[in-house]
Amino acid sequence: MRGNRLENAAAEFGVALAADPRNVESLVNLALVQRAAGRTAEARDLLRPRAADRSASSGSHYNLAVVADESGDAATAIEHYRAFLRFGTVAHADLAARVRARLTALGSG
């Protein structure tokens, strides 16, 4: 059942992105669905261009960091965890503390 829900969610976010390719919320949510389905490469490919955009949200950086981290790409994870900390510490103080701990665990604290 979970697989069907993930596929349905992916399809709905795909429709939303077809209607508005700049919809960041749908893009990030589609990447999270891909990640939950075990498709980390696809999630990373969705998030990478968004995180490179100067107007990227802290959430885009955080999610790309997590996907990279789970994929074993420590350098990319560190880069985007740090970017998250530059933009997201005020709104996400608890998450920022976890990110700092993860950076320390990665040897970059």
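So, how was this worked out
Residues numbered from 1 in each chain as written. Predicted model: local features only at pLDDT ≥ 70, side-chain atom pairs only at ≥ 80, totals over all residues. Heavy atoms only, no water. Phe/Tyr/Trp six-rings, centres within 6.5 Å; stacked < 30°, edge-to-face > 60°. Helix = DSSP H or I, 4+ residues; strand = E, 2+ residues; numbered from the N terminus. Buried < 20%, exposed > 50% of the residue type's maximum accessible area, 1.4 Å probe, protein only. Core = buried A, V, L, I, M, F, W, Y, C linked by side-chain atoms within 4.5 Å.

**Student:** How should I be thinking about the packing of aromatic side chains in this particular structure?
**Tutor:** Any aromatic ring pair is given by two values, namely how distant the centres are and how the planes are angled relative to each other. Summed over the entire model, instances satisfying the criterion amount to 2 aromatic pairs. Between tyrosine 62 and tyrosine 81, the aromatic rings sit 6.4 Å apart at their centres with planes inclined by 50 degrees, giving tilted as the arrangement. In this pair, tyrosine 62 is assigned in helix α4 (residues 58-70) and tyrosine 81 in helix α5 (residues 74-88), connecting sequence segments 19 residues apart. What makes tyrosine 62 partly exposed here is its relative accessible area of 23%. Residue class for tyrosine 81 comes out buried when judged on its relative accessible area of 5%. A network of ring pairs unites the aromatic residues Tyr62, Tyr81 and Phe84 as a single cluster.

**Student:** Even after reading the chapter, I still don't get the nonpolar core, so can you show me in this structure?
**Tutor:** What tends to happen in soluble globular proteins is that the nonpolar side chains get buried as a cluster. Listed in full, the 12 residues of the largest apolar core are Ala65, Val66, Ala68, Ala77, Ile78, Tyr81, Phe84, Leu85, Leu95, Ala96, Val99 and Leu103. Put simply, the parts of the chain that give this core at least two residues each are α4, α5 and α6 (93-105). Among the elements that make up this core, the one with the highest residue count is α5 (5 residues).

**Student:** I keep staring at the environment of threonine 104 and nothing clicks. Help me out?
**Tutor:** Mapped onto the elements, threonine 104 comes out in helix α6. C-alpha of threonine 104 to C-alpha of tyrosine 81: the two residues are 23 residues apart in sequence and 11 Å apart in space.

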